[in-house]
Amino acid sequence: MAKFGAAVVAAGALLAGMMLPFVAGTGLLARDSASLLDALPVELTDQTLNGNTTVLAADGSVITQFYANNRTPVTGEQIPPVMREALISIEDSRFYEHGGVDVQGTLRALGRNLAAGAVEEGGSTLTQQLVKQTLLQTAETPEQRAEATEESIDRKLVEARLALALEERYSKEEILTRYLNIAYFGSGAYGVQAAAQRYFSVDSADLNLAQASVLAGLMQSPAIDSPLVNPENAQSRRDLVLARMHELGYITDAELADTTSQPVVVTAQPNPPNGCIDAAVGGFFCAYLQSYLVDTLGMSQEQLENGGYTIETTLRTDVQRSGDQAVRAAVPMGNSLAGMFTAVQPGTGHVLAMSVNRNYGCNSAADISCESVVLNTAASQGSGSTYKVFTAAAALEQGYSPSYTMTTGDTWS
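Remember, it's a predicted structure, so these values are computed and weren't measured experimentally.

Observations regarding the pairing of strand β2 (residues 62-66)
Two faces make up the sheet, and in a regular strand the side chains alternate between them. Among the 5 residues of β2, 4 are classified as buried, and the element is accordingly described as predominantly covered. Here strand β1 (residues 53-56) runs beside β2; their pairing, made up of 4 bridges, is antiparallel. Counterpart to Thr-53 in the pairing with β2 is Phe-66. If you look at the hairpin formed by β1 and β2, you'll find 5 residues sitting between the two strands, and Gly-60 has a positive phi there, around 90°.

Below, the structure written as structure tokens:
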């Protein structure tokens, strides 16, 4: 009874605090709504979080990507209705009825959790979850991350009020789209597009009922209910999502029976390459590019990983691969000597290739088959007689005969 009393007091304070600006008359409602809108953090008013930064070769092929969280934002049109319905069914069945905070749902969750003696149902709406995840994933300091997740009445009040203001500004469909682009689905996949690719090797627009119900089921515990790690848990959670969809009228008796009779089927693919160590080609070129962006142009690593840029480069994949082959033929991998080849296009300065008889990126200083320094630009022994061929070519072009001899003194004036 003591626990029950404390929970009722806490819930009453939370609900009163959430609803206070909205129960004192229409004039106060309008005034406070406007002030709440003005106070919305920029993270909540900006567009959806950016996706991965992609680095392209000259032919348009992907060299690598940079990202802190693997995410590919999609538009509302690229999210099928079945995905939206599955999410609403299991996470917020009154989504289209409340204004950002579901008082009825909060009280229902409170009663169920008190009866069970544990947290079995959350009271947060999808809009509240969007607020929390946006503030968490845009946090720049440990203090901001802790503030976004702390279990306190104050934090829940702020979250609820921001959710109410968010619903004043954006449509339900925009909020759903934002949520599905920011939610974490486990296995390194942020957002529905990355999750569809990670678990099923399809685009989000092509998700079917069986797949969408699995993804919606991951919202509560993405690690515990992962179809890659715990297929039995994933199936139980999927069936719960399907039952709720059926209860709410989103799917028919036949669809429920047909889908629950089948095991969870995944067609997993790895997350996309991340950073220069995962580069498909030209690892040293990639590292040179990264250094140029950060050290010369002043871009921060955080901007590179979270900016969602598309970076077009001058790297020629055919020249790069030919250079790699030639260098390693002359100085094999594992040789104590480092062989290098750099191709720069005359007249433009475009770097076409950077080859080294090493793999880029090292986990051990003792492994001489790898290297984390861009040797192509590091100070080393000069090219020596290599440059004689350029001098000879220039002389022949100016009409000197191959037998022409010039003798110089020890000094130049």
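Still to come is the rest of the account.
A few points about the state of the cysteines
Summed over the entire model, instances satisfying the criterion amount to 2 disulfides. The disulfide bridge from Cys-276 ends at Cys-286, spanning 2.1 Å between sulfur atoms. One quick way to see it: the torsion about the S-S bond of Cys-276 and Cys-286 is about -75°, and its sign makes the bridge left-handed. Here the residue Cys-276 occupies a position in the loop between α13 (253-260) and α14 (283-296), and Cys-286 occupies one in helix α14, the gap between them amounting to 10 residues. Given a relative accessible area of 5%, Cys-276 falls into the buried group. What pairs with Cys-362 in a disulfide is Cys-370, and their sulfur atoms sit 1.9 Å apart. Here the S-S torsion is close to 115°, and the disulfide linking Cys-362 with Cys-370 is therefore right-handed. Here Cys-362 falls in the partly exposed class, since its relative accessible area comes to 27%. Here Cys-370 falls in the buried class, since its relative accessible area comes to 8%. Sequence-ordered numbering of the bonded cysteines in the protein gives a disulfide pattern of 1-2, 3-4.

Considering the environment of Gln-78
With respect to the helices and strands, Gln-78 occurs in the loop between β3 (70-71) and α4 (81-91). Remark: the alpha-carbon pair of Gln-78 and Val-192, spanning 114 residues in sequence, is separated by 9.9 Å. Among all residues touching Gln-78, those that are not within four sequence positions of it are Ser-204 and Ala-205. A polar atom in the side chain of Gln-78 sits 2.8 Å from the backbone nitrogen of Thr-75.

A few points about the packing of aromatic side chains
Within this structure, the stated rule accounts for 6 aromatic pairs. Ring centres of Tyr-199 and Phe-200 lie 6.4 Å apart, and the angle between their planes is 55°; on these two criteria the pair is classed as tilted. For the residue pair Tyr-199 and Phe-200, the accessibility class agrees, reading buried in each case. The aromatic ring of Phe-95 is capped on one face by Lys-172, whose charged end is 4.4 Å from the ring centroid. Against the face of Tyr-170 rests Arg-178, its NZ or CZ located 4.3 Å from the ring centre.

Quick word on helix α8 (residues 153-169)
Taking 1.5 Å of rise per residue, 17 residues should cover 24 Å, and α8 covers 25 Å from first to last C-alpha, within 8% of that figure. Residues Arg-155, Lys-156, Leu-157, Glu-159, Ala-160, Leu-162, Ala-163, Leu-164, Ala-165, Leu-166 and Glu-167 constitute the buried set of α8.

Examining the nonpolar core
Generally speaking, a soluble globular protein has its nonpolar side chains buried in company with each other. Ranked by internal contacts, the top residues of the largest apolar core, which has 46 residues, are Met-83, Phe-185, Val-192, Leu-215 and Met-245. At the level of secondary structure, the elements contributing two or more residues to this core comprise α4, α6 (126-137), α8, α9 (172-182), α10 (192-200), α11 (209-217) and α12 (231-247). In this structure, Phe-185 is in contact with Leu-180, Gly-191, Val-192, Ala-195, Tyr-199, Leu-215, Leu-218, Met-219 and Pro-222, ignoring residues within four places of it in sequence. Counting residues in hydrophobic clusters, the runner-up holds 22 residues, among them Val-55, Ala-57, Phe-284 and Met-354.

Re unusual backbone geometry
One non-glycine residue, Ser-187, adopts positive backbone phi at about 55°. When you line up the elements, Ser-187 lands in the loop between α9 and β4 (189-190). Phi at Ser-201 takes a positive value of approximately 55°, unusual for a residue other than glycine. With respect to the helices, strands and loops of the structure, Ser-201 is situated in the loop between α10 and α11.

Concerning the packing of α6 against α8
The N-to-C vectors of α6 and α8 enclose an angle of 110°; their axes lie 8 Å apart at closest approach. The angle between the axes of α6 and α8 places the two elements in the roughly perpendicular class. Considering only the axes of α6 and α8, their crossing is right-handed. Contacts between α6 and α8 pair Thr-127, Gln-128, Leu-130, Val-131, Lys-132 and Leu-135 from the former with Arg-155, Lys-156, Glu-159, Ala-160, Leu-162, Ala-163, Leu-166 and Glu-167 from the latter. A class-by-class count of the residues in the contact of α6 with α8 yields 7 nonpolar, 2 polar and 5 charged.

Some thoughts on the pairing of β1
Here β1 shows no split at all, with Thr-53 and Val-55 on one side and Thr-54 and Leu-56 on the other all buried. With 3 bridges joining them, β1 and strand β5 (residues 310-312) adopt parallel strand pairing. Bridging from a neighbouring strand, Thr-54 pairs with Thr-310 of β5.

Quick look at the pattern of salt bridges
As enumerated under the stated definition, the model contains 11 salt bridges in all. A salt bridge links Arg-155 to Glu-159; its shortest N-O distance comes to 2.2 Å. Separated by 4 residues within a single helix, Arg-155 and Glu-159 lie in helix α8, roughly one turn from each other. Both residues of the pair, Arg-155 and Glu-159, belong to the buried class. One network of salt bridges, in which partners are shared, links Arg-94, Glu-97 and Asp-102.

Each value, and the rule that gives it
Residues numbered from 1 in each chain as written. Predicted model: local features only at pLDDT ≥ 70, side-chain atom pairs only at ≥ 80, totals over all residues. Heavy atoms only, no water. Buried < 20%, exposed > 50% of the residue type's maximum accessible area, 1.4 Å probe, protein only. Helix = DSSP H or I, 4+ residues; strand = E, 2+ residues; numbered from the N terminus. Pairing = 2+ DSSP bridges. Disulfide = S-S within 2.5 Å. Contact = heavy atoms within 4.5 Å. Polar contact = N/O pair within 3.5 Å; in protein donor to acceptor, adjacent residues only side chain to side chain. Phe/Tyr/Trp six-rings, centres within 6.5 Å; stacked < 30°, edge-to-face > 60°. Lys NZ or Arg CZ within 6 Å of the ring centre and 35° of its normal. Expected span 1.5 Å × (residues − 1). Core = buried A, V, L, I, M, F, W, Y, C linked by side-chain atoms within 4.5 Å. Axes fitted to C-alpha atoms, helices over the stretch in contact; angles between N-to-C directions. Parallel < 35°, antiparallel > 145°, perpendicular 65-115°, else oblique. Left-handed = near helix turned anticlockwise from the far one by under 90°. Nonpolar A, V, L, I, M, F, W, Y, C, P; charged D, E, K, R; others polar. Salt bridge = Lys/Arg side-chain N within 4 Å of Asp/Glu carboxyl O.

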